[in-house]
Amino acid sequence: MILTLTLNPSVDISYPLEHFNLDTVNRVTNTSKTAGGKGLNVTRVLSEFGEDVLASGFLGGQLGEFIEHQLDENQIQHSFFQIKGETRNCIAILHEGQQTEILEQGPAISEEEAKGFKSHLSHLFSKANAIAMSGSLPKGLNSDYYAEIIQLANQQHIPTVLDSSGQSLMDVLLSDSKPTVIKPNIDELSQLLQTTVTTDINSLKEAVTQPIFEGIEWIIVSLGGDGAFAKHHQTFYKVNIPNIKVVNPVGSGDSTVAGITSGLIHQDSDKDLLRKANTFGMLNAMESQTGHINVNKFDEIFQQIEVIEV
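Residues numbered from 1 in each chain as written. Predicted model: local features only at pLDDT ≥ 70, side-chain atom pairs only at ≥ 80, totals over all residues. Heavy atoms only, no water.

Per an unreviewed UniProt entry, the protein goes by Tagatose-6-phosphate kinase and derives from Staphylococcus pragensis. Quoted verbatim from the Pathway (unreviewed entry) heading of the UniProt record, the comment on the protein is "Carbohydrate metabolism; D-tagatose 6-phosphate degradation; D-glyceraldehyde 3-phosphate and glycerone phosphate from D-tagatose 6-phosphate: step 1/2." Turning to the protein, the UniProt record has this under Catalytic activity (unreviewed entry): "D-tagatofuranose 6-phosphate + ATP = D-tagatofuranose 1,6-bisphosphate + ADP + H(+)". (UniProt positions renumbered as here; feature names shortened; annotations may be inferred.)

Mind laying out the overall build of the protein, listing which residues take part and the relevant values?
Summing up its helical and strand segments, the protein has 10 helices and 15 strands in all. On C-alpha atoms alone, the protein measures out to a radius of gyration of 19 Å, which is about the 19 Å that the 2.2 N^0.38 rule sets for 310 residues. Its C-alpha atoms give the protein principal-axis dimensions of roughly 55 × 45 × 40 Å. Split into buried and exposed, the 310 residues of the protein put 52% on the buried side. Looking at the protein alone, contacts between residues at least 24 apart form 67% of all its contacts between residues at least 6 apart. Carbon and sulfur atoms make up 44% of the accessible area of the protein, which totals about 14,500 Å². (Helix = DSSP H or I, 4+ residues; strand = E, 2+ residues; numbered from the N terminus. Rg over C-alpha atoms; globule rule 2.2 N^0.38 Å. Buried < 20%, exposed > 50% of the residue type's maximum accessible area, 1.4 Å probe, protein only. Contact = heavy atoms within 4.5 Å. Areas by Shrake-Rupley, 256 points an atom, 1.4 Å probe, with all protein chains shown as cover.)

With reference to specific residues and values, describe the environment of Ile 158.
Here Ile 158 lies in the loop between α4 (145-155) and β10 (160-163). Separated by 149 residues in sequence, Ile 158 and Pro 9 have C-alpha atoms that sit 23 Å apart. Residues contacting Ile 158, with those up to four places away along its chain left out, are Phe 125, Ala 128, Asn 129, Ala 130, Ile 131 and Ala 153.

Quick one: what's the story with the packing of helix α3 (residues 111-124) against α4, residue by residue and with numbers?
Between two packed helices, what matters for the description is the angle formed by their axes and the separation of those axes. Between α3 and α4, the least distance of the axes is 11 Å, while the angle of their chain directions is 25 degrees. Here α4 runs roughly parallel to α3, going by the angle between their axes. Viewed along their axes, α3 and α4 form a crossing whose handedness is right-handed. From α3, Ala 114, Phe 117, Lys 118 and Leu 121 reach across to α4, where they touch Tyr 145, Glu 148, Ile 149 and Leu 152. Its residues placed into classes, the contact of α3 with α4 shows 6 nonpolar, no polar and 2 charged. (Axes fitted to C-alpha atoms, helices over the stretch in contact; angles between N-to-C directions. Parallel < 35°, antiparallel > 145°, perpendicular 65-115°, else oblique. Left-handed = near helix turned anticlockwise from the far one by under 90°. Nonpolar A, V, L, I, M, F, W, Y, C, P; charged D, E, K, R; others polar.)

Can you break down the layout of surface pockets residue by residue, with the values?
Looking at the largest pocket, its volume works out to about 940 Å³. Along the wall of the largest pocket there are 36 residues; nearest its centre are Asp 12, Gln 99, Glu 101, Val 250 and Thr 290. Looking at the lining of the largest pocket, the elements with two or more residues in it are β2 (10-17), β3 (32-36), α1 (38-48), β7 (88-95) and β8 (98-103). Across the lining of the largest pocket, the residue classes break down as 10 nonpolar, 20 polar and 6 charged. (1 Å grid on protein atoms, 1.4 Å probe; cavity = no way out; pocket = protein on both sides within 12 Å on 5 of 7 lines; lining within 4 Å. Points joined across faces, edges and corners; volume = space filled by probe spheres on them.)

Could you give me a rundown of α3, with the residues and numbers involved?
In this model α3 runs 20 Å from its N-terminal to its C-terminal C-alpha over 14 residues, within 8% of the 20 Å that 1.5 Å per residue would give. Taken together, the buried positions of α3 are occupied by Glu 113, Ala 114, Phe 117, His 120, Leu 121 and Leu 124. Buried positions in α3, seen along its axis, are confined to an arc of 120 degrees and lie on one side of it. Opposite the buried face of α3, at more than 90 degrees from it, the exposed residues are Glu 111, Glu 112, Lys 115 and His 123. (Expected span 1.5 Å × (residues − 1). Arc of directions from axis to C-beta.)

With reference to specific residues and values, describe empty space enclosed by the protein.
As enumerated under the stated definition, the model contains 1 cavity of 30 Å³ or more in all. Taken as a whole, the largest cavity holds about 40 Å³ of empty space. Of the residues contributing to the lining of the largest cavity, the split by class is 7 nonpolar, 2 polar and 1 charged.

Provide a residue-level description of the nonpolar core, including the pertinent values.
In terms of nonpolar packing, the biggest core is built from 47 residues, with Leu 3 and Leu 7 touching the most fellow members. Among the elements that make up this core, the one with the highest residue count is α4 (6 residues). Core analysis: the next-biggest nonpolar cluster, separate from the first, contains 31 residues, Ile 220, Val 239, Ile 293 and Val 307 among them. (Core = buried A, V, L, I, M, F, W, Y, C linked by side-chain atoms within 4.5 Å.)

Got a sec to walk through the environment of Glu 111? Specific residues and values, please.
Among the secondary structure elements, Glu 111 is positioned in helix α3. C-alpha separation for the pair Glu 111 and Asn 243, spaced 132 residues apart in sequence, amounts to 48 Å.

Can you tell me about the sheet that holds β3, naming the residues and giving the values?
Strand order in the open sheet formed by 4 strands is β3-β2-β7-β8, and the pairing between neighbours is mixed. Only two strands of the sheet have a single neighbouring strand rather than two, namely β3 and β8. Averaged over all neighbouring strand pairs, the angle between strand axes comes to 25 degrees, with direction disregarded. Bridge count between β7 and β8: 6 bridges; the pairing is antiparallel. Counterpart to Leu 94 in the pairing with β8 is Gln 99. Its contacts with the sheet place helix α2 (residues 61-73) against β2, β3 and β7, and it is angled at close to 90 degrees to β3. (Pairing = 2+ DSSP bridges.)

This is how it looks when you write it as structure tokens:
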């Protein structure tokens, strides 16, 4: 079973408008509300691919109940930790080919709730073959909270995939407990190293072999339309992807995480894991709805992805 963690989930509200007018009324006819957060995108994609997946994280209030209800409707297993605060809304206004986002900060997690969730996880770990952790940390949690979870997972010998950025990722890199996989994009990689990393293979090799990444089995760097670059142990790979019609790229990184985690639990070869991960990301970009893939197109895209050792 794959355990996904979304520590700061949301109800994602989409407002499509032909024109977005400031300082006046905008009327929306087609509103969608979905269980959101990077980890829940990962969860949906894994479920659509047929994987045994369980979603967890912090939920509270009526919006938390809405998320659980929607997961139930989609027959997705979940075991969230209930908190006193109210789960947040995140609004996306789609207008004139652009996307304006209004993101609530979300609830503050108390020290008691933070401890309680780690105890809750210890019960879930007994069922988990891999753990995917995605997204930002809510208020109240220390920035090293992911590092603490990874330490607990490592004690149980459970592989972990971390998709985070900023201080929470830095704290993991500086800790003694390393995740199995990290998936920065090239901008996040540049920010971590405080230098400009380019898509040049030598630049990428130099970046991912910096001491800060020592002890991490897989480093998979998203290069957008240029595919991906990866380091597994001491072997480097370049992933070349075909041209597709991009409908909605939002959630493609989360879908890539789903593919990585699926590859891990099935013990796919290096090249097949990278093909699967990038196929999932591309399939998401081909759909209008975030965090969804059309599995019927999997083989077609998978066969077009080239992975070469560099």
